[in-house]
Amino acid sequence: MKLDQSRAPLYEAMTEHRQNRVVPFDVPGHKGGRGNKKLTDFLGEQCLKNDVNSMKPLDNLCHPVSVIKQAQELCADAFGAKNAFFIVNGATGAVQAMVMSACKAGDKIILPRNVHRSAINALVVCGAVPVYVDPGVNSELGIPLGMSAEDVSRAIEENPDAKAVLINNPTYYGICSDVKTIVKTAHEHGMLALCDEAHGTHFYFGENLPVSGMAAGADMAAVSVHKTGGSLTQSAVLLMGEGVNADYVRQVINLTQTTSASYLLMVSLDLARQNLAQNGAEFYEKTARFADYARREINAIGGYYAFGEELCNGRDVFAFDKTKLSIHTRAIGLAGIEVYDILRDEYGIQIEFGDIGNILAIITGGDRALEIERLVSALYEIKRLYGRNPAGLYDHEYIDPIVELPPQKAFYAEQETLPIDKTAGRVCSEFVMCYPPGIPILAPGERITKDILDYIKFAKEKGCNVTGCRDMRVEYLQVVK
Amino acid sequence: MELWFTENHTENVRFSIKIKRHLVSEQSEFQKIDILESEEFGRILVLDGYLMLTEKDEYIYHEMITHVPMSVNPAIKKILVIGAGDGGTVRELCRFKSVEHIDMVEIDRRVVELCREFIPKTACSLDDPRVHIYYEDGLKFVRGAENAYDLIIVDSTDPFGPGEGLFTREFYGNCYKALTDEGILVNQHESTFYKEYAQAMKRAHARIKTFFPIALVYQAHIPTYPSGHWLFGFASKKFHPVEDQNAEWWLAQNLKTGYYNRFVHSGCFALPNNVRDVLRETKPAT
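Model, not experiment: these values are computed from the prediction.

To continue, consider the overall build of chain A. Broken down by element type, chain A carries 15 helices and 20 strands. Its C-alpha atoms give chain A a radius of gyration of 23 Å, within 12% of the compact-globule value 23 Å for 481 residues. Taking the principal axes of its C-alpha atoms as reference, chain A extends roughly 65 × 55 × 45 Å. Of all intrachain contacts in chain A linking residues separated by at least 6 positions in sequence, the fraction that spans at least 24 positions is 70%.

Shown next as structure tokens:
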């Protein structure tokens, strides 16, 4: 880091602006909270007073020239990037900006199928065509893994006209591909390397963690700072390396991003970056210590499998993010989603997600030891009180897709609505996914199979939140005519 | 100059004691520990600003949390005490010759060390050879135990701060498993007079009821606790606290007490309507 990371230009400017007691004859209309007493009581006066609009002293996210520009420069410096943009539409916005900057309609992009829906959404919007690399699957855990460097290499050679490769770094479960090698291969073939680092903020600041996208030489990375970096929900950054025209990327971002960016979100990015640059190593060391401890204690219970770095195999699990507490629950006879629901309903513990076979708890240095003990003890009790024979539980999370049409074509195709059990063999024109984790079971353009329908049925029965379809009860699907 | 210790019993109610000397003020890893000396109440232990005990009335709490279960099952040999860093609960238990083994689990070593130094009145039995002290999280300790104890006493702080794990469903479930088939669980159970405490009390009671076939509440009058009226929980797999009271055995122990006696034993389970009404509202909940 070359710049003075103790500074926080946007925070400093907002503080000064408030002290200047400027009379607001601009939006927002709540006027520092006076226009909405209940909201002010709920969120606090300080919060409402800081909810301001762009103006000369506070810069403008769409066209940053002063304090936002400086804050973004500090951010780029802290993350080891050439340029950085604040994003107020989550990593979703950042992923879409990456894809839409790299590809135009009809361009190919190489990506693993277990991407977040935001990436495939971007393909629907811009008309790029996916070339899927099958992620490896751990059959014991039933989860999709990373992409092996060889598989990506083959996809690149088979599709020399592709414009970019997108890499999850890490997946929701904490699994990383060999980012360095993949970036190198992509560059050798004139393609851009893009990292979806929605779950990877800590890679930039923690020690002994998997390599970050920028450190691996990637061209762009979408980082959800709010997830594990301490900024407010919905704030993220888009990082860019040497070979990217940042001014073009800014234009692409401005195609879809709001012109009224929230200063609460932006200042939270400024302060999160300041904090991470100064205290991040310590914070994530504590995070890893908590997660390691929880893994040991949970594995000692028996039945549960809190997996870790032992999964690494140099291929589709090149590295594991040890700050993630991912736990396989099938051996105690409960679907992950069932454990997830019991934890919340019976024990007052909210975790990040439960899917068919696993749960994921987000651990950070903001946790306290006593809460880790509560989680471990509750899992112990759930096994004692609810554990049963695992026979009959669905045993895989990932089904290889059969892609028949590009997402945009399928999404806008002539279509009809069919009862879901009559759709086997047809081409789907919408998304079906459990949320979280938000990895599509079906994406527009994919052939529906009996295996997929069984999976959706099982997920619904177990209480997964199945989303993405026009019919919110998922009794009907949209299929291509 | 006058020095007063004030505790907020609610946002709108305060309780103050005139202080002679401030003996200890220390931030431990877990909480702020203060020990004060007062004219009226002797030495006072305060954690995070909440009064835990005074030398003048601690015996009421410590007798009631121990003699009640001991009088119900004279065969109690092995006991787990959680919290209780001041030593008062262990002191009372050590008076029973029938007790063979006491594990005391206190998360904060400094509470024990400071009480040994400044409040020997309660900490006096911590060196009894039957007592084994573990400095760790109570929730974690009890997780590893199965069919191991005849009695578990939860002598915790309030359900906010370091003690909050000791009011959870996972904790009570783990306690159930750690007890023998004749096991008894007694816990400090807050009170019902003020709303904040009543909420905590209701939740704790509802959770205990989901595990134990017998789950009752008893009361004592403790002048320095909020409202002066305090509750304890008695949960058991087998024994009924009143029907199975063994008064003869207790009398034969020949223990001098300041509050507890065989009449108080049966009487303390007779609850006033303001407690009964709150208990009736408790539904099985998380």
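What follows picks up the thread again.
All names here are of chain B. As far as domains go, chain B holds domain 1 (3-54) and domain 2 (58-281). Here the C-alpha centroids of domain 1 and domain 2 sit 23 Å apart. Across the boundary between the two partners, domain 1 contributes 20 residues, which contact 21 residues of domain 2. Those elements that place two or more of their residues in the side of domain 1 that touches domain 2 are β1 (3-10), β2 (13-27), β3 (32-38), β4 (42-47) and β5 (50-54). The leading source of residues in the side of domain 1 that touches domain 2 is β5, at five residues. Split into classes, the residues belonging to the side of domain 1 that touches domain 2 amount to 12 nonpolar, five polar and three charged.

Here we come to the sheet that holds strand β3 (residues 129-133) of chain A. The strands making up a sheet are joined through hydrogen bonds of the backbone, oriented either antiparallel or parallel. Residues and elements named next belong to chain A. Strand order in the open sheet formed by seven strands is β1-β10-β9-β8-β6-β2-β3, and the pairing between neighbours is mixed. Only two strands of the sheet have a single neighbouring strand rather than two, namely β1 (83-87) and β3. In this sheet, neighbouring strand axes are inclined to one another by 20 degrees on average, regardless of whether the strands run parallel or antiparallel. Relative to strand β10 (residues 236-240), strand β9 (residues 220-223) runs antiparallel, the two being bridged by four bridges. Pairing of Ala-221 across the sheet is with Leu-239, part of β10. On the sheet, helix α5 (residues 90-102) packs against β1, β2 (108-112), β6 (164-168), β8 (192-197), β9 and β10 and is oriented at approximately 30 degrees with respect to β10.

With 14 residues of chain A at the contact, the number on the chain B side is 15 residues. Top contributing element to the side of chain A that touches chain B by residue count: helix α13 (residues 369-386) of chain A, with 10 residues. Class assignment for the residues of the side of chain A that touches chain B results in six nonpolar, two polar and six charged.

All right, on to the sheet that holds strand β11 (residues 305-306) of chain A then. Residues and elements named next belong to chain A. The sheet built from four strands is open, its strands ordered β11-β13-β15-β14 with antiparallel pairing. Unpaired on one side and paired on the other, β11 and β14 (353-354) mark the two borders of the sheet. With two bridges connecting them, β14 and strand β15 (residues 358-362) associate as antiparallel partners. Across the sheet, residue Phe-353 finds its bridge partner in β15, namely Leu-360.

Residues and elements named next belong to chain A. If you trace the backbone, Ala-94 turns up in helix α5. A residue is classified by how many C-beta atoms lie within 10 Å of it, and Ala-94, with 29 of them, is buried. Taking C-alpha positions, Ala-94 is 5.4 Å from Leu-238, a pair spaced 144 residues apart along the chain.

So, on to the environment of Ile-420 of chain A. All names here are of chain A. Following the sequence through the fold, Ile-420 ends up in the loop between β16 (415-419) and β17 (432-434). In this structure, the C-alpha to C-alpha distance between Ile-420 and Arg-388, residues 32 residues apart in sequence, is 31 Å. Those residues in contact with Ile-420 that lie beyond four places of it in its chain are Leu-453, Val-474, Glu-475, Tyr-476 and Leu-477.

Let us now look at unusual backbone geometry. Note the cis peptide between Val-27 of chain A and Pro-28 of chain A, where omega equals 5 degrees. Non-glycine residue Ala-84 of chain B carries a positive phi angle of around 65 degrees. Within the secondary structure layout, Ala-84 of chain B lies in the loop between β6 (78-83) and α2 (88-94). Here the phi dihedral of Asn-254 of chain B falls at roughly 60 degrees; this positive angle occurs in a residue that is not glycine. Topologically, Asn-254 of chain B is positioned in the loop between α8 (247-253) and α9 (262-267).

A few words on helix α11 (residues 263-301) of chain A. Residues and elements named next belong to chain A. Look at α11: only 46 Å from first C-alpha to last across 39 residues, short of the 57 Å you get at 1.5 Å a residue. In the structure, α11 departs most strongly from a straight axis at Asn-279, where the bend amounts to approximately 80 degrees. Residue Gly-302 follows α11 closely and has a positive phi angle near 90 degrees.

This next bit is on the domain arrangement of chain A. On domain assignment, one finds that chain A holds domain 1 (9-277), domain 2 (281-386) and domain 3 (407-480). Its C-alpha centre places domain 1 of chain A at a distance of 27 Å from the equivalent point of domain 2 of chain A.

Conventions we followed
Residues numbered from 1 in each chain as written. Chains lettered and ligands numbered in written order. Predicted model: local features only at pLDDT ≥ 70, side-chain atom pairs only at ≥ 80, totals over all residues. Helix = DSSP H or I, 4+ residues; strand = E, 2+ residues; numbered from the N terminus. Rg over C-alpha atoms; globule rule 2.2 N^0.38 Å. Contact = placed C-beta atoms within 7 Å. Domains from an automatic or database assignment. Nonpolar A, V, L, I, M, F, W, Y, C, P; charged D, E, K, R; others polar. Pairing = 2+ DSSP bridges. Axes fitted to C-alpha atoms, helices over the stretch in contact; angles between N-to-C directions. Buried ≥ 20, exposed ≤ 12 C-beta atoms within 10 Å, placed from the backbone. Expected span 1.5 Å × (residues − 1). Bend = angle between axes of the 7 residues up to and from the residue.

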